[in-house]
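Per-entry structural report
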Amino acid sequence: MRLVKTLPILLGLGAALGSVSAWALPNDSQQPIHISADDAQLDDKQGVATYTGGVIITQGSMKITGNTVTLTRTPAGDIDVVTSVGNLAYFEQKQAATDTAPMKGYGKTIQYHAQQNRIVLIDQAKVLSPDGNSTEGEKITYDTVKQVANAGRANGSKVTAPRPRIDMVIQPKKKAE
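Residues numbered from 1 in each chain as written. Predicted model: local features only at pLDDT ≥ 70, side-chain atom pairs only at ≥ 80, totals over all residues. Heavy atoms only, no water.

Let us look at the pattern of salt bridges. Evaluation of the coordinates by the stated rule reveals 5 salt bridges. One salt bridge in this structure joins R73 and D44, with 3.3 Å as the shortest N-O distance. Highlighted residues: R73 in strand 4 (residues 62-73) and D44 in the loop between strand 2 (39-43) and strand 3 (48-59), separated in sequence by 29 residues. Its relative accessible area of 34% is what places R73 among the partly exposed residues. Note that K126 and E136 form a salt bridge whose closest N and O atoms lie 3.8 Å from each other. Taken together, the residues span a long stretch of sequence, with K126 in strand 7 (residues 118-128) and E136 in strand 8 (residues 134-143) at a distance of 10 residues. (Salt bridge = Lys/Arg side-chain N within 4 Å of Asp/Glu carboxyl O. Helix = DSSP H or I, 4+ residues; strand = E, 2+ residues; numbered from the N terminus. Buried < 20%, exposed > 50% of the residue type's maximum accessible area, 1.4 Å probe, protein only.)

Of note, Q115 is situated in the loop between strand 6 (103-113) and strand 7. In this view, Q115 contacts T74, D78, I79 and D80; residues no more than four positions away in its chain are not counted. (Contact = heavy atoms within 4.5 Å.)

Okay, the confidence of the model for the protein chain next. Of all residues in the protein chain, 82% have pLDDT values of 70 or greater, and the mean over the chain is 79. Element-level pLDDT for the protein chain is lowest in helix 1 (residues 3-10), with a mean of 39, against a maximum mean of 95 in strand 2. Counted against residues more than four places away or in other chains, residues 1-23, with its pLDDT under 50, gives 72 contacts. (pLDDT = per-residue confidence, 0-100.)

What follows is about the packing of aromatic side chains. As enumerated under the stated definition, the model contains 1 aromatic pair in all. Between Y90 and Y106, the aromatic rings sit 5.1 Å apart at their centres with planes inclined by 50°, giving tilted as the arrangement. Of this pair, Y90 sits in strand 5 (residues 79-93) while Y106 sits in strand 6, placing them 16 residues apart in sequence. (Phe/Tyr/Trp six-rings, centres within 6.5 Å; stacked < 30°, edge-to-face > 60°.)

Put simply, N87 and L88 share a cis peptide bond, and its omega is 5°. Examined against the element boundaries, L88 turns out to sit in strand 5. Even without glycine at this site, Q124 takes up a positive phi of about 60°. You can see Q124 is positioned in strand 7.

Glancing now at the pairing of strand 2. Both faces of the sheet carry side chains from a regular strand, because those side chains alternate between them. The buried count for strand 2 comes to 0 of 5 residues, which makes it a mostly uncovered element. Pairing analysis gives 5 bridges linking strand 2 to strand 3, with the strands arranged antiparallel. Across the sheet, residue L42 finds its bridge partner in strand 3, namely A49. Taking the residues between adjacent antiparallel strands as the criterion, strand 2 and strand 3 are bridged by 4 residues, where G47 takes a positive phi near 75°. (Pairing = 2+ DSSP bridges.)

So, about a nonpolar patch on the surface. Together, I166, M168 and I170 make up an exposed nonpolar region whose accessible area comes to about 250 Å². Within the secondary structure, I166 sits in the loop between strand 9 (148-152) and strand 10 (167-169). By relative accessible area, I166 is classed as partly exposed at 33%. (Patch = residues over 30% accessible without salt bridge, like charges linked within 9 Å, V, L, I, M, F, W, Y side chains within 5 Å. Areas by Shrake-Rupley, 256 points an atom, 1.4 Å probe, with all protein chains shown as cover.)

Below, the structure is given as structure tokens:
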């Protein structure tokens, strides 16, 4: 599942769109995927799985939660889009085995477009890094291949908390002693 390999990159936005290093634990993608939900509706013919009711998905150090999580597959069976909706939907993942805290992302909707290598957080979007950096806005989009991020208005999307501007906090780099 390519989900684990690219979702953590989005969380690097919390590092002020700056220092790009190892984004996830290297063995996360090799770990089994665990899904816990109140209900599941699977449609193999359409390639859609919908999980509802306090959904928790884990794989290694990665965790996604939401009220509803929908996974769609391409005709070849690859993950196409993962959409987590909640109040707030949540994502976390450690970047390295030595990390004591994970990167975290929030939004009313979190979408991962695997085929386009794009991650989108919509409505009350927020990304936090363990070092205290953060990015907040109506919408945060990240291209995981080009490593290009856009944060700003959620044009065309219904938002519950309009934010005409983005807010970022960038912590100063610690100097070597």
